[in-house]
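Remarks on the overall topology
Below, each chain spelled out in residue letters.
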Amino acid sequence: MKYTDLQIDGLREMINIGGGNAATSISKMVDEKIDMKIPEVAILSYQELYQKVMADDVEVYGVISKIVGEYQGAILFVVTDQAVDQLAGLILKGTEASWDVKLSAVSELSNIIANSFLNAIGRLLDVQLISSLPQVKNDFFGALISSAYLAFDQYDEQVMVIRNEFTYAEKKLDASLFLIPEEGVLDNLIKSLGV
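I will try to describe carefully the structure that is included in this document. Fair warning: this is a prediction, and the values are worked out from it, not measured in the lab.

When helices and strands are counted, the protein shows six helices and eight strands. N-terminal to C-terminal, the α/β element order of the protein is α-β-β-α-β-β-α-α-β-β-α-β-β-α. Relative to a compact globule of 195 residues, whose C-alpha radius of gyration would be 16 Å, the protein shows 16 Å and is just as compact. Considering only C-alpha atoms, the protein reaches an extent of 50 × 35 × 30 Å along its principal axes. By the burial criterion, 50% of the 195 residues in the protein qualify as buried. For the protein, the share of sequence-separated contacts (at least 6 apart) that also reach a separation of at least 24 residues comes to 74%. Accessible area of the protein: about 9600 Å², with a carbon and sulfur share of 49%.

On to unusual backbone geometry, then. Phi at Asp 31 takes a positive value of approximately 55°, unusual for a residue other than glycine. Structurally, Asp 31 can be placed in the loop between helix H1 (5-30) and strand E1 (34-36). Phi at Asp 126 is positive, roughly 60°, even though this residue is not glycine. Residue placement: Asp 126 occurs in the loop between helix H4 (99-125) and strand E5 (129-131). Judged by its relative accessible area of 70%, Asp 126 falls in the exposed class.

Moving on to the pattern of salt bridges. A full pass over the atoms with the stated rule returns three salt bridges. Two residues, Asp 35 and Lys 33, come together in a salt bridge whose shortest N-O distance is 2.9 Å. Take Asp 35: its relative accessible area is 34%, and that puts it in the partly exposed class. Notably, a salt bridge pairs Asp 85 with Lys 102, separated by 2.7 Å at the nearest N-O pair.

Secondary-structure assignment places Ser 65 in strand E3 (residues 59-69). The exposure class assigned to Ser 65 is buried, which follows from its relative accessible area of 2%. Aside from chain neighbours lying at most four places away, what touches Ser 65 is Gly 73, Ala 74, Ile 75, Ala 114, Ser 131, Ser 132 and Pro 134.

Conventions used here
- Residues numbered from 1 in each chain as written.
- Predicted model: local features only at pLDDT ≥ 70, side-chain atom pairs only at ≥ 80, totals over all residues.
- Heavy atoms only, no water.
- Helix = DSSP H or I, 4+ residues; strand = E, 2+ residues; numbered from the N terminus.
- Rg over C-alpha atoms; globule rule 2.2 N^0.38 Å.
- Buried < 20%, exposed > 50% of the residue type's maximum accessible area, 1.4 Å probe, protein only.
- Contact = heavy atoms within 4.5 Å.
- Areas by Shrake-Rupley, 256 points an atom, 1.4 Å probe, with all protein chains shown as cover.
- Salt bridge = Lys/Arg side-chain N within 4 Å of Asp/Glu carboxyl O.

The following block contains the structure:
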């Protein structure tokens, strides 16, 4: 389906609210100001996704949580090795830790991000949305995106990219948050927003 600029702007504002809430939650958890870039909302082909967002052969960690409630889908938090170190450093306050402990800390952080994000959107739309316990996967970016979309029977050539990026202390956190809606959910969200 083709979305109008007004509909994309409505989605962007909704995601901005959810992402802002998530950034505030991270800030409180790590006791440091975390900023969020105005979200990118675009409908791209897979080829465009890998050209404009991240190459499909970049190895990343993905923390995926299923969305449970009136609107279903998944939230995918994608981080590089460097971002795992950065986030773990923020959470663990520089304490030496094994890679498994670092991944566990990032998984817990992503759980807080996902639920903060969904709570804000749920309040805006007057629906209850929660996320399942997150699963951490290490894979190529293309494989993570493909498996997430295939899990919801999203076989379309087009991908809805809703991405937030976070920064702290003027450093970019190489992590992105993707909202992967089940088929038909975006149309319902747009109807709920009245655009």
